[in-house]
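# Reading the structure
So you can see what is in the structure, the chains are spelled out below.
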Amino acid sequence: MLQTHLIASLCQRTLRWLPLFGSIVLCALAMPSRSDARAMRECAAGCTPGGVPVLAWHGFADSVSPEPGSLTESYAAFEEMVVFMAENGFRSAFPEEVRIGADGGGRQVILTFDDGTRGQLRAAEILERHGFRGIFFIIPARTGGGDERFMDAADLERLSRAGHRVAAHGWQHRSLPGSGTEVAASLVRSTRLLGEGAQASARYDFAFPFGHYTAEIAEALAGGYRYLHTVNPGYWDGRSALLPRMLIMGGVDPALFREYVLGGAHYRPTLRPLTADGEVAGQVAFLATESVPDGLELFAITADASGRSYVSRPVAEDLRVAGDTVWLDLAGYMGRHYPPGRAVISYALMTRGGGALRYASPGMLNWIGDPIAAFRPAPPPDTTAAPGGRD
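Here the structure is a predicted model, which is why all the values come from computation and not from measurement.

Counting its secondary structure elements, the protein contains 10 helices and 20 strands. Relative to its 391 residues, the protein shows a buried fraction of 52%. Counted over contacts in the protein with a minimum sequence separation of 6, partners at least 24 positions apart contribute 66%.

What follows is the structure, encoded as structure tokens:
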């Protein structure tokens, strides 16, 4: 959930990465409505158990190699997943349609597709055959640009007429923390090229390019869009502006995603983040609403030093418990398991019982280094000294 105290910090400083907007304008955009603030207080007092699974796909092909980290899915595997959801009584929903009751998220699922590649039109037809709808996040600057790999305006209208939703995935698909222009265009320009059929819901959903955001960027975009889609693991609680999404990729056992879809009713996190989602923090803190679970593991989508995603590892040596506060040495954990220079991680804390993973915390993203510096190009080599000379 977005942390309200970040609004004050946003208002107190001019954002270096967004020169086109003054802090006053952004503060007005970021301030939550009274109803949003009331929902935040209600969730802080105890969210209803249960959550909604959210899935994300990218490219499609008739056949694919099982390359780890590949974001291309075969049409056959995609239809198998759609049939699996249909046979288990799931129905697709848009975020504003979700209702979480005593039985958790029920049999609702949110289906999303990133980048707006033309092959997703065939995936949309598969959805329609089985009575499902999806949210298609397109890259507005590439729409109608003559690149046959991406859908054009007519394709987006076809999706809208079929009951799907067309939404923005940035402007040029640049990482937002590294580009003030991308942030500004995402707030102002992105919805203009979604097509007439999408305009009624153009400000509902936004997907962060590469899943990257900072706490301040999330606060700013929350004023322009109702739902912000990440690639953090986990279930959506039906209230937070940030939606986690399980990213379908190669090299991962498909059973993991099927178990995820079925597990929403069991979602009941007992570790509430005290460190803001998207914040720069080498150590992150959680409030334990019950006793601290034994055998906590960190489960991350971010590829580790061996290139594997969706890996879980014990974090006992990285935890410190003080009363009802749990501290996680995230920088230490990443230093042991991730390549040097990795500055960001999308993760959740989990427990393992009976072979199944259970979420102990919501999914979130944190940086352990400056998110702007992470995308700053390296300086050119110094060529002022004569070859072999001294500095």
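On we go from here.
Okay, the sheet that holds strand E12 (residues 271-273) next. Spatial strand order, E12-E13-E17-E16: four strands in an open sheet with antiparallel pairing. The sheet terminates laterally at E12 and strand E16 (319-322), the two strands that pair on one side only. In this sheet, adjacent strand axes meet at a mean angle of 30° when their direction is disregarded. Summarising the sheet, E12 and strand E13 (residues 283-288) pair through three bridges and their orientation is antiparallel. Following the sheet pairing, arginine 272 is matched in E13 by leucine 287. On top of the sheet, helix H10 (residues 330-337) reaches E13 and strand E17 (325-329); it is set at about 35° to E17, its chief contact.

Among the nonpolar cores identified, the biggest contains 60 residues, and Met85 and Tyr310 are the most heavily contacted of them. Ranked by the residues each element gives to this core, the list is headed by helix H4 (residues 75-87), at six residues. The residues touching methionine 85, leaving out its near neighbours within four places in the chain, are Leu55, Phe90, Val109, Leu111, Phe132 and Val261. Counting residues in each nonpolar core, the second largest holds 20 residues, with Ala281, Phe286, Ala288 and Leu296 among its members.

Since the α-helix packs 3.6 residues into each turn, any two residues three or four apart lie on the same face. Across the eight residues that make up helix H8 (residues 215-222), a large majority, seven, are buried. Here H8 has its buried residues at Ala215, Glu216, Ile217, Ala218, Glu219, Ala220 and Leu221.

You can see histidine 169 is positioned in the loop between strand E7 (165-168) and helix H7 (180-188). One polar contact links the side chain of histidine 169 to the main-chain carbonyl oxygen of alanine 207, over a distance of 2.9 Å. Those residues within four positions of histidine 169 in sequence are excluded, and the remaining contacts are Asp114, Asp115, Phe137, Ile138, Ile139, Pro140, Ala207, Phe208, Pro209 and Phe210.

Right, let's get into the packing of aromatic side chains. Enumeration according to the criterion identifies 19 aromatic pairs in this entry. Centroid distance tryptophan 57 to phenylalanine 113: 5.3 Å. Interplanar angle 20°. Geometry classified as stacked. Note that tryptophan 57 is positioned in strand E1 (residues 54-57) and phenylalanine 113 in strand E5 (residues 108-115), a separation of 56 residues in sequence. Of the residues examined, tryptophan 57 reaches a relative accessible area of 1% and is grouped as buried. The exposure class assigned to phenylalanine 113 is buried, which follows from its relative accessible area of 0%.

Next up on the list: helix H9 (residues 254-262). For H9, the set of buried residues is Ala255, Leu256, Phe257, Tyr260 and Val261. Contacts made by the buried residues of H9 are with E1, H4, strand E11 (246-247), strand E14 (297-300) and strand E19 (356-359).

A few words now on the packing of H4 against helix H5 (residues 120-129). One way to put it is that H4 packs onto H5 with a least axis distance of 10 Å and a crossing angle of 25°. Taken as axis vectors, H4 and H5 run roughly parallel relative to one another. Regarding H4 and H5, the two cross each other, and that crossing is right-handed. On the side of H4, the interface is formed by Tyr75, Phe78, Glu79 and Val82, while H5 contributes Arg122, Ala123, Ile126, Leu127 and Arg129. Of the residues that constitute the contact of H4 with H5, the class distribution is six nonpolar, no polar and three charged.

Here we take up the pairing of E16. As paired strands, E16 and E17 are joined by four bridges and run antiparallel to one another. Within E17, the residue paired with leucine 319 across the bridge is leucine 328.

This part takes up unusual backbone geometry. For histidine 173, which is not glycine, the phi dihedral falls at a positive 65°. In the Ramachandran plot, phenylalanine 210 falls in the positive-phi region, its phi being about 60° despite a non-glycine side chain.

Below, the discussion takes up the pattern of salt bridges. Scanning the entire structure with this criterion turns up 14 salt bridges. In this structure, aspartate 155 and arginine 118 form a salt bridge, with 2.6 Å as the shortest nitrogen-oxygen distance. Here arginine 118 lies in the loop between E5 and H5 and aspartate 155 lies in helix H6 (residues 153-161), a separation of 37 residues in the sequence. With a relative accessible area of 12%, aspartate 155 lands in the buried category. The class of arginine 118 is partly exposed, set by a relative accessible area of 31%. The salt bridge partner of arginine 336 is aspartate 318, with a shortest N-O separation of 2.0 Å.

For the rest of this paragraph, the subject is the pairing of E1. Residues of E1 alternate between two faces, with Val54 and Ala56 on one and Leu55 and Trp57 on the opposite face, all of them buried. Bridging between E1 and E5 involves four bridges; their strand directions are parallel. From the neighbouring strand, tryptophan 57 faces E5, where its bridge partner is phenylalanine 113. Where E1 meets E11, two bridges bridge the pair, whose relative direction is parallel. Bridged to alanine 56 within E11 is leucine 247.

Bringing the environment of alanine 288 into the picture now. Position of alanine 288 among the secondary structure elements: in strand E13. Of the residues examined, alanine 288 reaches a relative accessible area of 10% and is grouped as buried. Counting along the chain gives 17 residues from alanine 288 to leucine 271, while the straight-line C-alpha distance between them is 4.7 Å. When near neighbours in sequence (up to four residues on either side) are disregarded, alanine 288 contacts Thr270, Leu271, Asp324 and Val326.

About the criteria used
Residues numbered from 1 in each chain as written. Predicted model: local features only at pLDDT ≥ 70, side-chain atom pairs only at ≥ 80, totals over all residues. Heavy atoms only, no water. Helix = DSSP H or I, 4+ residues; strand = E, 2+ residues; numbered from the N terminus. Buried < 20%, exposed > 50% of the residue type's maximum accessible area, 1.4 Å probe, protein only. Contact = heavy atoms within 4.5 Å. Pairing = 2+ DSSP bridges. Axes fitted to C-alpha atoms, helices over the stretch in contact; angles between N-to-C directions. Core = buried A, V, L, I, M, F, W, Y, C linked by side-chain atoms within 4.5 Å. Polar contact = N/O pair within 3.5 Å; in protein donor to acceptor, adjacent residues only side chain to side chain. Phe/Tyr/Trp six-rings, centres within 6.5 Å; stacked < 30°, edge-to-face > 60°. Parallel < 35°, antiparallel > 145°, perpendicular 65-115°, else oblique. Left-handed = near helix turned anticlockwise from the far one by under 90°. Nonpolar A, V, L, I, M, F, W, Y, C, P; charged D, E, K, R; others polar. Salt bridge = Lys/Arg side-chain N within 4 Å of Asp/Glu carboxyl O.

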